[in-house]
Amino acid sequence: MTKSAESGSYVEPGEFKRDTNYITTRITADGRDGYPVEPGRYRLIAARACPWANRTLIVRRLLGLEDVLSLGLCGPTHDKLSWTFDLDPGGVDPVLGVPRLRDAYLARFPDYPRGITVPAVVDVPTGQVVTNDYPQLTLDFSTEWTEFHRPGAPQLYPEALRAEIDEVNQAVFRDVNNGVYRCGFAGSQDAYEAAYDRLFARLDWLSERLATQRYLVGDTITEADVRLFTTLARFDPVYHGHFKCNRSKLSELPVLWAYARDLYQTPGFGDTTDFAQIKEHYYVVHRDINPTGIVPKGPDLANWLTPHGREALGGSPFGDGTPPPPPPLAERVPALHQPD
C-alpha cells in the first residue's frame, strides 16, 4: 500500500487501476537472483495497517520465521514521500538506522520512480530493498525458506493444491482484495457501481463455497485463506463505510462472518491484527475521501471472539502440524487494539 508522492490523492478519474509493477527480485534457496536465503541477513518491513503487509506478518508467524527474518514496523500513517518508522525511538528503525522506508528503496534504486510500498524486504548489510513483490513474497516464505520453518509448520502452498489456490487467489484479488479499493477510489458513479457489484457477487460466491467446507482450498489453512482474511478483517471497521462497500456488513453475512471469526481465533491471524492501526491509517491518510481525518469509534470488536461453529465442517487449521507459539513479546499487538 502506498501514497501518491505527487498529488497526495487516491481517487482517480473513472476506474481505479492499481500499479502492480513491483521489484521482482526474489530471495531463494539457491540465490539465483543474487539473494540467497540466509538467517539474519534480511529484514521484513511491514505495517499492521496494510492488508498486503498483514499477509506477510501472518505467514511469517505461521511458519515460525521470526528468528531468521527480523521485523521492522512502520506506523499506521505516512506522508507523501514514504512510510516512516515513527513507532521506534527517535523515529529511526533500530536495525537499518533510517527514518523512512524510502531510504532503503533509494539505496538500491536512486531514481526509483514508483510508490514506496509495504511490505518490503531489505538486505541489512547493504541497507537496500530487495523486493516489494508481496504476492510472491509469501509464496517464497512457504517454498524457499523451508529449511528454517518451525517444527509443525503448516503447508500453506502444498504442491498438489497450487493450481486451485492460484485460481481462487486470482478471483479473490480481482474482486475482493482489490475490489474494495476499486469501490473506494472510484472516480465516477459507473466505476463505483461496477466494482460494488463485482465485490458482492464474489462475496456471495465465497459464501456458497465456504458453506460446506471450512477453508477455501482443502481441509487446512492455505495461502488462499491468508489472502482473504486480511480484507475481511478490515471490512466492517473500514471498507463498509469509508469505501462505500455497504450492501452488507461482514457481520451480516453469516457464512463469511463465521469463517472470519474462525481464522481470527486461530493463532497467527488475530494476534497479528491491529484494529486501531487499521482504522487510523485509512481514515487519517485518505484525506480526499475523509477530509476531516476523524476516526470512527466503532464498530464494537468484542464479537470477533464469539463461537463460530465452523469445527462442524471438519478439517483442522494446521493439519498434521501444530499452532505457532505466542508471538515474541516485542511483536505483540497492544491489548487495547484488540477485542476484549
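Residues numbered from 1 in each chain as written. Predicted model: local features only at pLDDT ≥ 70, side-chain atom pairs only at ≥ 80, totals over all residues. Heavy atoms only, no water.

Help me understand the sheet that holds strand β4 (residues 128-131), please; the structure alone is not making it clear to me.
In any sheet, the strands associate via hydrogen bonds between backbone groups, in a parallel or an antiparallel arrangement. Taken in spatial order, the four strands make up an open sheet running β2-β1-β3-β4, and their pairing is mixed. The open sheet has two edge strands, β2 (70-73) and β4, and neither has a second partner. Looking at each pair of strands side by side, their axes are set apart by 35° on average, direction ignored. Alignment of strand β1 (residues 42-46) against strand β3 (residues 120-123), held across four bridges, turns out to be antiparallel. Within β3, the residue paired with Tyr42 across the bridge is Asp123. Relative to β1, helix α1 (residues 51-63) is tilted by about 130°, and along the sheet it contacts β1 and β2. (Pairing = 2+ DSSP bridges. Helix = DSSP H or I, 4+ residues; strand = E, 2+ residues; numbered from the N terminus. Axes fitted to C-alpha atoms, helices over the stretch in contact; angles between N-to-C directions. Contact = heavy atoms within 4.5 Å.)

Sorry if this is basic, but what is going on with the packing of helix α7 (residues 223-242) against helix α9 (residues 275-285) here?
Taken N-terminus to C-terminus, the directions of α7 and α9 make an angle of 20°; their axes are 10 Å apart at the nearest point. By the angle between their directions, the pair α7 and α9 is classed as roughly parallel. The element α7 and its partner α9 pack so that their crossing is right-handed. Along its contact with α7, which presents Ala233, Arg234, Pro237, Val238, Tyr239 and His242, the element α9 presents Phe275, Ile278, Lys279, Tyr282 and Tyr283. (Parallel < 35°, antiparallel > 145°, perpendicular 65-115°, else oblique. Left-handed = near helix turned anticlockwise from the far one by under 90°.)

For this particular structure, what's the right way to read the UniProt feature "domain: GST C-terminal" (unreviewed entry) in the protein?
Here the UniProt-annotated "domain: GST C-terminal" (unreviewed entry) positions come out as residues 158-292. From the first C-alpha to the last, residues 158-292 spans 46 Å; its make-up is 64% helix and 0% strand. (UniProt positions renumbered as here; feature names shortened; annotations may be inferred.)

It is not clear to me how the packing of aromatic side chains should be interpreted in this structure. Could you clarify?
Summed over the entire model, instances satisfying the criterion amount to 27 aromatic pairs. Measuring from centroid to centroid gives 6.0 Å for Trp52 and Phe173, while their planes differ by 55°, and the two rings are tilted. Within this pair, whereas Trp52 is found in helix α1, its partner Phe173 is found in helix α4 (residues 162-177), the two being separated by 121 residues in sequence. Exposure remark for Trp52: the relative accessible area of 2% places this residue in the buried category. Note on Phe173: relative accessible area 25%, which makes it partly exposed. Seen in terms of ring centroids, Tyr239 and Phe243 are 5.4 Å apart; in terms of plane orientation they differ by 15°. Their pairing is stacked. (Phe/Tyr/Trp six-rings, centres within 6.5 Å; stacked < 30°, edge-to-face > 60°. Buried < 20%, exposed > 50% of the residue type's maximum accessible area, 1.4 Å probe, protein only.)

I'm lost on the pattern of salt bridges in this one. Help?
Side-chain pairs of opposite charge can arise where the charged atoms are in close proximity. For the coordinates displayed, the defined rule picks out 20 salt bridges. Measuring nitrogen to oxygen at the nearest pair gives 3.1 Å for the salt bridge that ties Arg182 to Glu15. In this pair, Arg182 is assigned in helix α5 (residues 179-184) and Glu15 in the segment before β1, connecting sequence segments 167 residues apart. Given a relative accessible area of 36%, Glu15 falls into the partly exposed group. Its salt-bridge partner being Asp175, residue Arg174 comes within 3.1 Å of it at the nearest N-O pair. Judged by relative accessible area, Asp175 falls into the buried class, the value being 4%. Among the charged side chains, a salt-bridge network with shared partners connects Arg26, Asp30, Arg32, Asp140 and Glu144. (Salt bridge = Lys/Arg side-chain N within 4 Å of Asp/Glu carboxyl O.)

How should the packing of helix α6 (residues 189-210) against α7 be read in this particular structure?
In a packed pair of helices, the relevant descriptors are the angle between the two axes and the axis-to-axis distance. In the contact formed by α6 and α7, the axes pass within 14 Å of each other and the chain directions differ by 115°. The handedness of the crossing between α6 and α7 is left-handed. Across the interface between the two elements, Leu199, Phe200, Leu203 and Leu206 of α6 pack against Leu228, Leu232 and Phe235 of α7. Residues of the contact of α6 with α7, tallied by class, amount to seven nonpolar, no polar and no charged. (Nonpolar A, V, L, I, M, F, W, Y, C, P; charged D, E, K, R; others polar.)

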